[in-house]
Amino acid sequence: FGLVVSNNLLYMYTFWEITSVCSFLLIGYTESRVAVNNSFKALWMNLLGGAAFAAAIIVMGLTYHSTALSHLVGLALAGMPVTVILALLLLCGFTKSAMMPFSGWLLGAMVAPTPTSALLHSSTMVKAGVFLIIKLCPALGNNHAGTMAMFVGGITFFFASCAAISQSDGKKVLAYSTISNLGLIVCCAGIGSYEAAWTAIMIVIFHAVAKSLLFLSVGTAEQQLGSRDIERFDGLFNAMPHLCLCMVIGISGMFLAPFGMLISKWAAMKAFIDAGHPMLLLLLVFGSATTIFYWAKWLGKILSVMNGQERREQGITKGEWFTLKTLSWMTIIVCILFPLISSYGVLPYLRITYGFTRDVIAQSNLIIMSLMVVLLVILPSRYGKGQPKRKVGALLAGVNTGDDRNYRGAGDNIIPVELRNWYMEEWFGEKKMKLSGFALCMACIFIQFAIILGGVYRG
């Protein structure tokens, strides 16, 4: 809260470093060797960003005798030379929001307890970075700092999405998905336009709720099954139907229409086109397409029906159910209230920031999307309940033994039924995607800083 309400960069920096220390303690909570190593990785990476933040404050204080964030944005809009300060603050935001090549600390944070992962990955720690960059949004755009944000965010979005395809660990898929969506937010903020700022803010809201739900759902499944490997989620629909429904809601909120995340990406495409950035548009289109691979695989796995599964939800406590169900309803309600959130939450801020207001997506279209979400909730709950269910034997690759879980194969051997996904490691391997993304983002950061500092030196 201190970070969010601070306009003075000195106060913001103080709260910024407090979040770094808190994340260090939370990641290392179990005190295992892996946890301690990853907690220190998070600490030094975020302290690196903190050093850039401190340097930005010093440069601004010495040059303009002010440390007000609003003053910095005003100077940029007035055409004053503040690109160095903006670039340093962007570098700080990159480390906190886990942009490539600083994404290692967020992946390492998975060793922390699941509530910590949900807190860090969805709504607080990483969102602090994109919050700062969104606040700088009006000062970015067609300058070197804005270009750096656009391409670092766009490259991170694309390569993190690709890396998620080859992962079967549920928390790791969610971590790469988080990095990917943060990259899209940073890319939108880098464009600096009114439409892009609206899109970035809306993605922050939808991502925070849906990703919190997914992390806690995976943690609950791991608690009951002893694993968070998606390939171990066979028959989850039968064994834990209520938990499965929570996962479905969270996944739907991340990539399916008419939920808010997909509508926000629609707005991002419009913003990229209006700003005249076809390369960023390609990164958005192909990066968004890759999300189908890992979300659809996950949905198919948990919704596959396997008869004979015993119910395993007895061990889930009332407190856990309260949290999961609350976040599930919040995901749905936020999507239904999309037009109101835009009109009364986002547009007033943009009116103050940009001096005008207009609808990025027509209110009529937003209302239609909200009604579609309402129908998606009402129709399954109104129709289908109490209907007689007909049990049909599954068609397997041999003679069904009668339990729909085994069949007789060659040599009259009993073979268990297994459903497995492809992960295309040879094309989307984690090391390959990280190396490509890290190299491109590092090159972009170095080139832009060289240009910016070179211009300052000549001046």
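The structure contained in this document is the topic of the report that follows. (Residues numbered from 1 in each chain as written. Predicted model: local features only at pLDDT ≥ 70, side-chain atom pairs only at ≥ 80, totals over all residues. Heavy atoms only, no water.)

## Notes on the sheet that holds strand β3 (residues 414-416)
- Read across the sheet, three strands follow the order β1-β2-β3 without closing on themselves; strand pairing throughout is antiparallel. Of all strands in the sheet, those with a lone pairing partner are β1 (399-400) and β3, marking the two edges.
- For β1 and strand β2 (residues 406-408), the ladder comprises two bridges, and the chain directions are antiparallel. Along β2, the bridge assignment pairs V399 with R408. (Pairing = 2+ DSSP bridges. Helix = DSSP H or I, 4+ residues; strand = E, 2+ residues; numbered from the N terminus.)

## Some points on a nonpolar patch on the surface
- Judged by side-chain polarity, M269, M279, L282, V285 and F286 come together as a nonpolar surface patch covering roughly 470 Å² of accessible area.
- With four residues, the single largest contributor to the nonpolar patch is helix α15 (residues 278-303).
- You can see M279 is positioned in helix α15. (Patch = residues over 30% accessible without salt bridge, like charges linked within 9 Å, V, L, I, M, F, W, Y side chains within 5 Å. Areas by Shrake-Rupley, 256 points an atom, 1.4 Å probe, with all protein chains shown as cover. Salt bridge = Lys/Arg side-chain N within 4 Å of Asp/Glu carboxyl O.)

## Focus on the environment of A52
- With respect to the helices and strands, A52 occurs in helix α3 (residues 33-64).
- Exposure remark for A52: the relative accessible area of 7% places this residue in the buried category.
- Separated by 36 residues in the primary sequence, A52 and L88 place their C-alpha atoms 5.2 Å from one another.
- Residue contacts for A52: discarding those within four places in its chain leaves L88, L91 and C92. (Buried < 20%, exposed > 50% of the residue type's maximum accessible area, 1.4 Å probe, protein only. Contact = heavy atoms within 4.5 Å.)

## Section: the layout of surface pockets
- For the second largest pocket, the calculated volume is near 840 Å³.
- If you list the elements that add at least two residues to the lining of the second largest pocket, you get α1 (2-5), α2 (9-27), α7 (114-123), α8 (125-135) and α11 (194-225).
- Among the elements that line the lining of the second largest pocket, the one with the most residues is α8, at seven residues.
- A class-by-class count of the residues in the lining of the second largest pocket yields 19 nonpolar, five polar and two charged. (1 Å grid on protein atoms, 1.4 Å probe; cavity = no way out; pocket = protein on both sides within 12 Å on 5 of 7 lines; lining within 4 Å. Points joined across faces, edges and corners; volume = space filled by probe spheres on them. Nonpolar A, V, L, I, M, F, W, Y, C, P; charged D, E, K, R; others polar.)

## Comments concerning the nonpolar core
- F94, W198 and W298 are the most contacted members of the largest nonpolar core, which totals 151 residues.
- Look past the residues within four positions of W298 in its chain and what remains in contact with it is G170, V173, L174, V218, I230, F233, M247 and I251. (Core = buried A, V, L, I, M, F, W, Y, C linked by side-chain atoms within 4.5 Å.)

## Thoughts on unusual backbone geometry
- Of note, the amide linkage connecting M100 to P101 takes the cis form, showing an omega dihedral of 10 degrees.
- In this structure, H65 takes a positive phi of about 55 degrees despite not being glycine.
- Structurally, H65 can be placed in the loop between α3 and α4 (69-77).

## Considerations on α3
- An ideal rise of 1.5 Å per residue puts 46 Å on 32 residues; α3 measures up with 46 Å between its terminal C-alpha atoms.
- Of the residues trailing α3, H65 is marked for its positive phi of about 55 degrees. (Expected span 1.5 Å × (residues − 1).)

## Looking at the packing of helix α13 (residues 241-255) against helix α16 (residues 318-336)
- Where α13 meets α16, the axes come as close as 10 Å, and the angle between the chain directions of the two elements is 35 degrees. In the crossing of α13 with α16, the sense of the turn from one axis to the other is left-handed. Taken together, the residues of α16 that come into contact with α13 (itself represented by H242, L243, C246, I249 and G253) are W321, L324, S328, T331 and I332.
- Looking at the contact of α13 with α16, its residues break down into six nonpolar, four polar and no charged. (Axes fitted to C-alpha atoms, helices over the stretch in contact; angles between N-to-C directions. Left-handed = near helix turned anticlockwise from the far one by under 90°.)

## As for empty space enclosed by the protein
- Taken as a whole, this structure holds two cavities of 30 Å³ or more when the rule is applied.
- Each pocket or cavity is described by its volume, and for the largest cavity that value is around 40 Å³.
- Contributions of two or more residues to the lining of the largest cavity are made by α11 and α16.
- In terms of residue class, the lining of the largest cavity is built from five nonpolar, two polar and no charged.
- Space inside the second largest cavity adds up to approximately 30 Å³.
- Lining the second largest cavity, in full, are A164, Q167, V173, I230, Y294, K297, W298, N421 and Y423.
- Per element, the largest residue contribution to the lining of the second largest cavity is three residues, and it comes from α15.
- Taken together, the residues of the lining of the second largest cavity break down into six nonpolar, two polar and one charged.

## Focus: the environment of Y64
- Tracing the backbone through its elements, the reader meets Y64 in helix α3.
- When the C-alpha positions of Y64 and T353 are compared, they lie 21 Å apart, and in sequence the two are 289 residues distant.
- Setting aside residues up to four positions removed in sequence, Y64 forms contacts with H71, L75, M80, P81, V82 and I85.
- Here the side chain of Y64 touches P81 through a polar contact of 3.0 Å, landing on its backbone oxygen. (Polar contact = N/O pair within 3.5 Å; in protein donor to acceptor, adjacent residues only side chain to side chain.)

Note that every value here comes from positions in space, so none of it alone points to a role or purpose.
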